[in-house]
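Single-letter residue listing:
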Amino acid sequence: MRDITAQGQTVEEAIQNALKDLGTTREKVDVEIMDAGKKGIFGIGSRLAMVKVIEKNNSIETAVQYVIDVATKMGAEVTVDVSEQGKEVSIQVSGNNLGLLIGKHGQTLNALQYLTQLIANKDTDQYKNVVVNVGDYRERRYETLALLAKKMADKTVKTRRVVHLEPMPSFERKTIHAILSEDTRVETHSEGREPYRYIVIKPVKG
């Protein structure tokens, strides 16, 4: 986190001078006015304005660096692309030995995503929903969840009995809830406590 002290004929000019030196923009910094300056009379007694401009902590950049550090320590060579849309942040990881970051049934990746989201939301009041994807794992996982949802819905309709799915992360539960919300034969809800919260699928009465 960098900071710089700058001067200008006005406070705004001093701020712009600092932003130029830092190579950043106004919304990414905090400004402390050290001296508002003074115009003086015919230049006599004039004083330049002085400000201290401090870069805000970029929690997303910190989270991305965390992902890279973890990957490197696990023996994976990766590159990371980040996209932000409102509160949604997507961290796409590409490279070699990606299986190390995914783990059995995506458990390692889900843990990595959980910790990355904690880092991204530390010391900020603007909550970000972070999704970490390694290769095309999330897309393949979505297909698996869609098939699972349909299969279990068919089962509960056929047997007229409630079906309990295995515990899964909240974003995966949301996926199944969304998929089955279009199936008028069944209804779903979640039970249990994190990280063992699971989905319950039951047939609609009548």
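Note that the structure is predicted; figures quoted are calculated from it, not measured.

Chemist: How would you explain the overall build of the protein if you had to name every residue and give the values?
Modeler: A tally of helices and strands in the protein yields six helices and nine strands. Scaling as 2.2 N^0.38, a compact globule of 206 residues should have a C-alpha radius of gyration of about 17 Å, whereas the protein reaches 26 Å, well beyond that. Along the three orthogonal principal directions, the C-alpha set of the protein runs to about 90 × 45 × 25 Å. The burial tally for the protein puts 32% of its 206 residues in the buried class. In the protein, the proportion of contacts linking residues at least 24 apart, taken out of those at least 6 apart, comes to 55%.

Chemist: Which residues make up the sheet that holds strand S5 (residues 88-95), and what are the values?
Modeler: In spatial order, the strands read S4-S5-S6; together these three strands make up an open sheet with mixed pairing. Edge strands, defined here as strands with exactly one partner in the open sheet, are strand S4 (78-85) and strand S6 (129-134). Each strand of the sheet is rotated relative to its neighbour by a mean of 15°, with strand direction disregarded. One ladder, built from six bridges, connects S5 with S6; its direction is parallel. Within S6, the residue paired with Ile91 across the bridge is Val132. Strands S4 and S5 of the sheet are contacted by helix H2 (residues 59-73), whose axis makes an angle of about 155° with S4.

Chemist: Lay out the nonpolar core in plain terms, naming residues and giving numbers.
Modeler: Judged by nonpolar contacts, the single largest core of 22 residues is most densely connected at Val78, Ile91, Val93, Leu101, Val132 and Val134. Contributions of two or more residues to this core are made by H2, S4, S5, helix H3 (99-102), helix H4 (107-120) and S6. Take this core: its biggest share by element is six residues, from H2. Not counting residues within four places of it along the chain, the set of residues in contact with Val132 comprises Ile91, Val93, Leu109, Leu112, Gln113, Thr116 and Arg138.

Chemist: Residues and numbers for helix H1 (residues 11-22), please.
Modeler: A rise of 1.5 Å per residue sets the reference length of H1, with its 12 residues, at 16 Å; its end C-alpha atoms lie 17 Å apart and thus fit the reference within 8%. Of the positions making up H1, those classed as buried are Ala14, Ile15, Ala18, Leu19 and Leu22. Viewed end-on, H1 has its buried residues packed into an arc of 135°, placing them on one side of the element. Counted as exposed and oriented over 90 degrees from the buried face of H1: Lys20 and Asp21. In the core, the buried residues of H1 are packed alongside strand S1 (3-8), strand S2 (29-35) and strand S3 (49-55).

Conventions adopted
- Residues numbered from 1 in each chain as written.
- Predicted model: local features only at pLDDT ≥ 70, side-chain atom pairs only at ≥ 80, totals over all residues.
- Heavy atoms only, no water.
- Helix = DSSP H or I, 4+ residues; strand = E, 2+ residues; numbered from the N terminus.
- Rg over C-alpha atoms; globule rule 2.2 N^0.38 Å.
- Buried < 20%, exposed > 50% of the residue type's maximum accessible area, 1.4 Å probe, protein only.
- Contact = heavy atoms within 4.5 Å.
- Pairing = 2+ DSSP bridges.
- Axes fitted to C-alpha atoms, helices over the stretch in contact; angles between N-to-C directions.
- Core = buried A, V, L, I, M, F, W, Y, C linked by side-chain atoms within 4.5 Å.
- Expected span 1.5 Å × (residues − 1).
- Arc of directions from axis to C-beta.

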